[in-house]
2 protein chains.
Amino acid sequence: MELVTVRDLFKHTADYAGKTVSVGGWVRSVRASKTFGFIVLSDGTFFQPLQVVYHDTMDNFAAISKTNVGAALIVRGTLVETPDARQPFELQAEEVTVEGASTPDYPLQKKRHTLEYLRTMTHLRPRTNTFQAVFRVRSLAAYAIHQFFQERGFVYVHTPLITGSDCEGAGEMFQVTTLDLNNVPLTEDGKVDYTKDFFNKPTNLTVSGQLNGETYAMAFRNIYTFGPTFRAENSNTTRHAAEFWMIEPEIAFADLSDDMRLAEDMIKYIISYVLENAPEEMNFFNQFVDKGLLERLHHVMTSDFGHVTYTEAIALLEPHNDQFEYPVHWGSDLQTEHERYLTEVVFQRPVFVTDYPKEIKAFYMKLNPDGKTVAAMDCLVPGIGEIIGGSQREDDLETLRNRMHELGLKEEDYGFYLDLRKYGSARHAGFGLGFERCVMYLTGMGNIRDVIPFPRTVNNCDL
Amino acid sequence: MELVTVRDLFKHTADYAGKTVSVGGWVRSVRASKTFGFIVLSDGTFFQPLQVVYHDTMDNFAAISKTNVGAALIVRGTLVETPDARQPFELQAEEVTVEGASTPDYPLQKKRHTLEYLRTMTHLRPRTNTFQAVFRVRSLAAYAIHQFFQERGFVYVHTPLITGSDCEGAGEMFQVTTLDLNNVPLTEDGKVDYTKDFFNKPTNLTVSGQLNGETYAMAFRNIYTFGPTFRAENSNTTRHAAEFWMIEPEIAFADLSDDMRLAEDMIKYIISYVLENAPEEMNFFNQFVDKGLLERLHHVMTSDFGHVTYTEAIALLEPHNDQFEYPVHWGSDLQTEHERYLTEVVFQRPVFVTDYPKEIKAFYMKLNPDGKTVAAMDCLVPGIGEIIGGSQREDDLETLRNRMHELGLKEEDYGFYLDLRKYGSARHAGFGLGFERCVMYLTGMGNIRDVIPFPRTVNNCDL
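These figures come from a predicted structure and were not determined experimentally. (Residues numbered from 1 in each chain as written. Chains lettered and ligands numbered in written order. Predicted model: local features only at pLDDT ≥ 70, side-chain atom pairs only at ≥ 80, totals over all residues. Heavy atoms only, no water.)

## Describing the overall build of chain A
For step 1, the next point in the chain: Helix and strand content of chain A: 14 helices and 16 strands.
For step 2, the next point in the chain: Sorting the 463 residues of chain A into buried and exposed places 61% on the buried side.
For step 3, the next point in the chain: Considering only contacts within chain A whose residues lie at least 6 apart along the sequence, 65% involve residues at least 24 apart.
For step 4, the next point in the chain: Accessible surface, chain A: about 17,800 Å² in total, of which carbon and sulfur atoms supply 47%.
For step 5, the next point in the chain: Side-chain charges in chain A split into 44 positive and 64 negative, and the spacing between the mean points of these groups amounts to 4 Å. (Helix = DSSP H or I, 4+ residues; strand = E, 2+ residues; numbered from the N terminus. Buried < 20%, exposed > 50% of the residue type's maximum accessible area, 1.4 Å probe, protein only. Contact = heavy atoms within 4.5 Å. Areas by Shrake-Rupley, 256 points an atom, 1.4 Å probe, with all protein chains shown as cover. Lys, Arg positive; Asp, Glu negative; His and termini not counted. Charge placed at Lys NZ, Arg CZ, Asp CG, Glu CD.)

Structure, rendered in structure tokens:
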């Protein structure tokens with residue numbers, strides 16, 4: 001069908017002015033008088049809808065005036081510029097055809113709905129302004145990330161989702177199985193007989209692609225992953241989902257400074273791309289969702305990120321322990337309240353906190369010369385706290401082995417990972433960006449359920 | 001670290017000629033005489049390796065000459081153009097530092113290894129020529145797909161991986177659970193008590209994002225998904241994996257012709273992008289993996305794809321039934337042998353087969369006016385057979401309901417899907433492209449295990 005998009009009409013108005021075009025879209029509202037009427041029509045390609053004017057010269061004038069909200073129409077008409085009106089142009093209809101009707105009880109009537117209410121209809125909510133904006137920005141942010149890495153020659157690696165190992169010993173994993181739970185096969189000594197399972201052993205959904213990603217960084221130098229990850233965490237908060245997407249770049253012949261530079265460049269790139277490609281959506285968020293959003297994002301884009309070691313950060317925070325729910329001391333993990341204090345009050349811009357005590361970080365992080373801290377970094381941003389966590393990886397075989405022994409990790413489970421340190425080990429580093437947290441940050445949306453098309457959380461797996 | 005990439009040296013040789021640069025990479029081979037030697041060094045950023053020349057003026061000349069294959073080195077030296085040699089330039093080393101040693105038993109010695117052997121070391125095989133080429137092309141093809149859709153204003157939708165429904169009733173799904181298989185909780189009547197499971201009901205890994213994708217097409221008009229999908233199929237073939245990636249665009253106000261045009265444009269775009277951005281890799285495949293590859297791809301890029309109905313196709317195939325393992329007749333599904341005969345012998349170019357009998361296609365495909373066939377299309381390409389399957393979707397509420405009743409599908413399981421036909425139904429269509437099959441097609445690789453970084457197949461879930 002030769003239909004022009006509403007986006008094209010807005011972006012290339014002059015090309016269409018005075019011409020006859022056909023547009024397909026969904027009715028947001030109809031206002032009719034006796035002789036003419038207005039239809040607000042959205043085709044989902046542009047944040048602003050199209051204003052259609054129609055007259056009683058049309059055969060089906062009366063029927064169209066009774067169109068229910070949500071109906072799909074195809075409108076043929078002439079585009080007329082309206083420099084003095086609120087909208088820059090309107091479509092003067094010659095013909096309006098009903099592609100698909102709607103009903104008077106269509107759940108999205110022209111009024112304000114709460115986000116909670118819209119969460120009960122994940123299949124319809126993308127038709128509302130807020131979710132049109134959220135999910136277009138989500139799409140653009142995803143593409144910005146690919147573009148950022150591809151322009152820099154990074155290789156995109158699809159690390160596996162189903163895994164036989166448990167990366168960080170993170171626990172709380174989903175099991176994947178083809179065994180019949182009503183009739184689990186057992187071995188002679190009464191345990192689950194995994195030789196009957198699809199992969200001939202127990203398997204889970206991955207919590208991180210990092211270790212697999214490292215094997216590719218040791219071949220391609222610069223790689224990134226961008227895929228789903230899973231946590232079976234029983235926490236019902238506004239920031240946790242059981243299924244979410246992660247970006248995990250890994251760079252070889254690179255140290256923690258290179259890693260932080262990459263993270264800073266990436267964040268600035270994403271913000272800049274979204275501001276440039278979704279200005280209407282971003283203005284909407286700034287106006288209706290989070291008043292300080294644009295100022296904050298512009299500030300981040302133009303600031304040099306701060307740098308502070310964990311030890312320095314603790315010294316900055318300790319004098320304010322009376323303001324915190326959880327007082328800090330050297331050795332304790334930073335909570336969101338501390339992270340936000342650092343980035344919002346102390347630095348007033350994004351800041352990297354580096355060199356955490358090894359006890360509170362993962363086994364694969366590179367031990368610093370002090371023997372107490374590791375070359376880790378968390379990137380904290382105003383309004384949200386931690387958005388990125390990364391580290392230089394332990395590239396020394398013996399140091400890594402010792403650390404694994406300390407933590408009770410079995411060498412045989414990590415043979416491939418140790419091989420990377422045996423055969424041409426090279427300093428390398430990487431980080432993880434939780435994509436949903438990134439979208440929340442870009443849009444100001446406060447609940448992770450509202451930035452995932454079909455969110456999965458405890459007790460909730462609709463559609 | 002200020003290291004230049006080998007890619008930069010090859011792409012911008014003139015800029016670096018005569019200058020001192022530092023490069024980090026892994027040793028492919030060392031050849032040493034008494035006073036000088038050659039190192040072939042790959043840093044993974046470019047298909048061709050860097051030739052390094054070093055002399056006995058270096059303190060560690062003897063040690064470097066004994067470097068094991070696979071070791072990581074950092075070389076500082078001067079780039080010298082060598083117009084008369086096989087390689088366009090070499091790096092005359094001033095300093096060679098060992099970043100990480102290797103061992104004499106490094107599994108990837110400089111000799112030809114079989115793909116089967118390399119499959120036993122998925123963490124090291126990306127360091128070989130073949131897999132450097134495969135996985136760079138895979139990355140570029142993925143990016144080409146994003147670029148194709150984003151340039152056309154499509155919204156990228158992350159459809160869920162964990163699902164409570166079974167899209168096409170495809171069976172053969174992986175179950176996702178947090179129940180303890182050693183101690184499955186039971187209800188009073190002895191069934192699995194799913195109220196104790198994470199999502200409060202049984203859940204599986206998705207086999208397709210299409211139905212979810214349709215809900216977004218009815219909001220954004222043009223969308224695409226690109227994510228992992230799963231099949232617990234017990235088939236140990238060169239074309240089946242349990243975990244693979246799929247691209248599923250969905251377009252509204254569009255019919256089967258629009259759908260086919262989109263598919264044809266996309267395939268040509270991917271081929272063209274990969275040929276332009278990975279010429280070295282594509283030449284390698286053409287020379288060592290699949291001799292006719294480049295000619296075939298160029299032919300596809302410049303052909304108008306053929307179009308034939310299923311009914312016509314059967315008439316074309318039936319006279320040759322004696323050549324087929326499975327004779328065809330109207331009503332039977334096409335096997336790979338038939339598909340290949342059509343595209344390779346009859347059409348000698350890619351061809352769309354359309355309008356299949358409804359009995360062999362899915363419930364959601366639009367019933368044609370003949371009442372017997374549906375508006376489905378499969379795209380067949382020479383050398384592989386089906387690469388894309390798609391259809392116009394049934395957008396009429398009553399027809400869809402009838403079809404579901406015929407097939408015994410319960411309306412209550414598809415409430416959201418029927419809503420799309422109740423509230424502003426619009427003709428729409430979409431297709432699915434199996435990404436791995438696409439990469440096999442682009443590279444000529446014959447086994448799906450060799451185009452997935454960490455393949456998952458029956459009894460195989462390594463790393």
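So much for the structure itself; the text now carries on.
## Topic: the relation of the copies chain B and chain A
For step 1, the next point in the chain: In the superposition of chain B on chain A (RMSD 0.0 Å, axial shift 0.0 Å), the rotation amounts to 180°. These values place the two chain copies in the arrangement generated by a two-fold rotation axis. By C-alpha distance to the rotation axis, the residue of chain B lying nearest is Val176 of chain B, at 2.4 Å.
For step 2, the next point in the chain: A share of 100% of interface residues in chain B that are also interface residues in chain A marks the association as one of identical surfaces. (Least-squares fit on C-alpha atoms with pLDDT ≥ 70 in both.)

## Side note on the interface of chain B and chain A
As a measure of interface size, the accessible area lost when the parts come together is often cited.
For step 1, the next point in the chain: On the chain A side, the residues contacting the 114 residues of chain B number 115 residues.
For step 2, the next point in the chain: Regarding the contact of chain B and chain A, the summed buried area is about 9,400 Å², with carbon and sulfur atoms giving 61% of it.
For step 3, the next point in the chain: Between Asp43 of chain B and Arg221 of chain A there is a salt bridge, with the nearest N and O atoms lying 3.7 Å from each other.
For step 4, the next point in the chain: Viewed at the interface, chain A and chain B are joined by 39 residue pairs in polar contact (both at pLDDT 80 or more).
For step 5, the next point in the chain: No other element matches helix α5 (residues 129-151) of chain B, which puts twelve residues into the side of chain B that touches chain A.
For step 6, the next point in the chain: A breakdown of the residues in the side of chain B that touches chain A according to their chemical character gives 60 nonpolar, 35 polar and 19 charged.
For step 7, the next point in the chain: Bridge count for strand β8 (residues 175-177) of chain A against strand β8 (residues 175-177) of chain B is three bridges, and the pairing is antiparallel. For Thr177 of chain A, the partnering residue across the bridge sits in β8 of chain B and is Gln175 of chain B. (Buried area = accessible area lost by both parts, 1.4 Å probe. Salt bridge = Lys/Arg side-chain N within 4 Å of Asp/Glu carboxyl O. Polar contact = N/O pair within 3.5 Å; in protein donor to acceptor, adjacent residues only side chain to side chain. Nonpolar A, V, L, I, M, F, W, Y, C, P; charged D, E, K, R; others polar. Pairing = 2+ DSSP bridges.)

## A few points about the environment of Val27 of chain A
Residues and elements named next belong to chain A.
For step 1, the next point in the chain: When you line up the elements, Val27 lands in strand β1 (residues 20-32).
For step 2, the next point in the chain: Look at Val27 and you get buried, because its relative accessible area is 3%.
For step 3, the next point in the chain: With 250 residues separating them in the primary sequence, Val27 and Asn277 have C-alpha atoms 25 Å apart.
For step 4, the next point in the chain: For Val27, the residues in contact, after removing those within four places along its chain, are Ile39, Val40, Leu41, Thr67, Asn68, Val69, Gly70, Ala71 and Leu73.

## Concerning the sheet that holds strand β10 (residues 222-230) of chain A
All names here are of chain A.
For step 1, the next point in the chain: An order of β6-β10-β11-β16-β15-β14-β13-β12 is seen for the eight strands of this open sheet, with the pairing classed as mixed. Looking at which strands have only one partner, the edges of the open sheet turn out to be β6 (155-156) and β12 (306-309).
For step 2, the next point in the chain: Sheet analysis places strand β14 (residues 373-381) next to strand β15 (residues 385-392), joined by six bridges and oriented antiparallel. Bridged to Val381 within β15 is Gly385.
For step 3, the next point in the chain: Set on the sheet, helix α10 (residues 310-317) makes contact with β12 and β13 (351-357); between it and β12 the angle comes to about 90°. (Axes fitted to C-alpha atoms, helices over the stretch in contact; angles between N-to-C directions.)

## Some words on unusual backbone geometry
For step 1, the next point in the chain: A positive phi angle, close to 55°, is found at Gln348 of chain A, a residue other than glycine.
For step 2, the next point in the chain: Relative to the helices and strands, Gln348 of chain A resides in the loop between α11 (336-346) and β13.
For step 3, the next point in the chain: At Asp355 of chain B, a residue that is not glycine, the phi angle is positive and equals roughly 60°.
For step 4, the next point in the chain: Within the secondary structure, Asp355 of chain B sits in strand β13 (residues 351-357).

## What about the environment of Lys291 of chain B?
All names here are of chain B.
For step 1, the next point in the chain: With respect to the element layout, Lys291 can be found in the loop between α8 (279-288) and α9 (293-302).
For step 2, the next point in the chain: Note on Lys291: relative accessible area 66%, which makes it exposed.
For step 3, the next point in the chain: Measuring from C-alpha to C-alpha, the distance between Lys291 and Ile271 comes to 17 Å, with 20 residues separating the pair along the chain.
For step 4, the next point in the chain: A polar atom in the side chain of Lys291 sits 2.6 Å from the backbone oxygen of Gln287.

## Here we look at α9 of chain B
Residue and element names in this part refer to chain B.
For step 1, the next point in the chain: Every buried residue of α9 is accounted for by Leu293, Leu294, Leu297 and Val300. Viewed along the axis of α9, the buried residues span an arc of 130°, placing them on a single side of the element. Those residues of α9 that are exposed and angled more than 90 degrees off the buried face are Glu295 and Thr302.
For step 2, the next point in the chain: Buried residues in α9 make contact with α7 (256-277), α8 and α14 (435-443). (Arc of directions from axis to C-beta.)

## Details of the pairing of strand β2 (residues 36-42) of chain B
Residue and element names in this part refer to chain B.
For step 1, the next point in the chain: Summarising the sheet, strand β1 (residues 20-32) and β2 pair through six bridges and their orientation is antiparallel. For Ala32, the partnering residue across the bridge sits in β2 and is Gly37.
For step 2, the next point in the chain: The hairpin formed by β1 and β2 contains three residues between the paired strands.

## Looking at a nonpolar patch on the surface
Residue and element names in this part refer to chain A.
For step 1, the next point in the chain: On the surface, Leu316, Val345 and Val346 cluster together into a nonpolar patch covering about 210 Å² of accessible area.
For step 2, the next point in the chain: Summarising the element assignment, Val345 is placed in helix α11.
For step 3, the next point in the chain: Judged by relative accessible area, which is 44%, Val345 ranks as partly exposed. (Patch = residues over 30% accessible without salt bridge, like charges linked within 9 Å, V, L, I, M, F, W, Y side chains within 5 Å.)

## Observations regarding the side chain of Gln150 of chain A
For step 1, the next point in the chain: Along the chain, Gln150 of chain A falls in helix α5 (residues 129-151).
For step 2, the next point in the chain: Using a relative accessible area of 12% as the deciding quantity, one classes Gln150 of chain A as buried.
For step 3, the next point in the chain: Beyond its immediate stretch of four places on either side in the chain, Gln150 of chain A contacts Tyr156 and Tyr224 of chain A together with Ser139, Leu140 and Tyr143 of chain B.

## Re the packing of aromatic side chains
For step 1, the next point in the chain: Scanning all chains against the criterion turns up 66 aromatic pairs over all chains.
For step 2, the next point in the chain: Taking 6.1 Å as the distance between ring centres and 70° as the angle between the ring planes, the aromatic pair formed by Tyr143 of chain B and Tyr273 of chain B counts as edge-to-face. A residue pair is termed long-range when its members are at least 10 positions apart, and Tyr143 of chain B in helix α5 and Tyr273 of chain B in helix α7 qualify at 130 residues.
For step 3, the next point in the chain: The class of Tyr273 of chain B is buried, set by a relative accessible area of 14%.
For step 4, the next point in the chain: When the ring of Phe226 of chain B is compared with that of Trp245 of chain B, the centres are 6.0 Å apart and the planes differ by 80°; the resulting orientation is edge-to-face. Taken together, the positions of Phe226 of chain B in strand β10 (residues 222-230) and Trp245 of chain B in strand β11 (residues 243-252) put the pair 19 residues apart, joining distant regions of the chain. Of the two residues, Phe226 of chain B and Trp245 of chain B, both sit in the buried class.
For step 5, the next point in the chain: An aromatic cluster of at least three residues, connected via ring pairs, comprises Phe148, Phe149, Phe154, Tyr156, Tyr224 and Tyr269 of chain A. (Phe/Tyr/Trp six-rings, centres within 6.5 Å; stacked < 30°, edge-to-face > 60°.)

## As for the sheet that holds strand β9 (residues 203-205) of chain A
For step 1, the next point in the chain: Taken in spatial order, the six strands of this open sheet run β7(A)-β9(A)-β8(A)-β8(B)-β9(B)-β7(B), and their pairing is antiparallel. Each of the sheet's edge strands pairs with one partner strand only, and the pair in question is β7 (162-163) of chain A together with β7 (162-163) of chain B.

## Brief notes about the pairing of strand β4 (residues 72-81) of chain A
Residue and element names in this part refer to chain A.
For step 1, the next point in the chain: Most of β4 sits out of view: seven of its ten residues are buried.
For step 2, the next point in the chain: Examined bridge by bridge, β1 and β4 share seven bridges and lie antiparallel to one another. The residue bridging Gly25 from the neighbouring strand is Leu73, located in β4.
For step 3, the next point in the chain: Summarising the sheet, β4 and strand β5 (residues 89-100) pair through ten bridges and their orientation is antiparallel. Within β5, the residue paired with Leu73 across the bridge is Val98.

## Regarding helix α11 (residues 336-346) of chain B
Every α-helix winds through 3.6 residues per turn, so residues three or four apart in the chain are directed the same way.
All names here are of chain B.
For step 1, the next point in the chain: Of the positions making up α11, those classed as buried are His338, Glu339, Tyr341, Leu342 and Thr343.
For step 2, the next point in the chain: Looking at the packing, one finds that the buried side of α11 touches α10 (310-317), β13, β14 (373-381) and β15 (385-392).
For step 3, the next point in the chain: The first or second residue beyond α11 is Gln348, which carries a positive phi of 55°.

## Considering the side chain of Arg403 of chain A
Residue and element names in this part refer to chain A.
For step 1, the next point in the chain: Here Arg403 is to be found in helix α12 (residues 397-406).
For step 2, the next point in the chain: Looking at Arg403, its side chain comes within polar contact range of the side chain of Glu406, at 2.6 Å.
For step 3, the next point in the chain: With sequence-adjacent residues up to four places away left out, Arg403 is seen in contact with Lys358, Glu359, Lys361 and Phe363.

## Remarks on the pattern of salt bridges
Residue and element names in this part refer to chain B.
For step 1, the next point in the chain: Following the criterion strictly, the structure yields 51 salt bridges over all chains and no others.
For step 2, the next point in the chain: Ionic pairing is found between Glu151 and Arg152, a salt bridge with its closest N-O pair at 3.8 Å.
For step 3, the next point in the chain: Accessibility expressed as a relative area gives 52% for Glu151, which makes it exposed.
For step 4, the next point in the chain: The closest approach of N and O atoms between Arg421 and Glu214, which form a salt bridge, is 2.9 Å. Taken together, the residues span a long stretch of sequence, with Arg421 in helix α13 (residues 415-422) and Glu214 in helix α6 (residues 210-220) at a distance of 207 residues. With respect to burial, Arg421 and Glu214 carry one shared label: buried.
For step 5, the next point in the chain: Salt bridges linked by common partners bring Glu214, Glu250, Arg393 and Arg421 together as one network.

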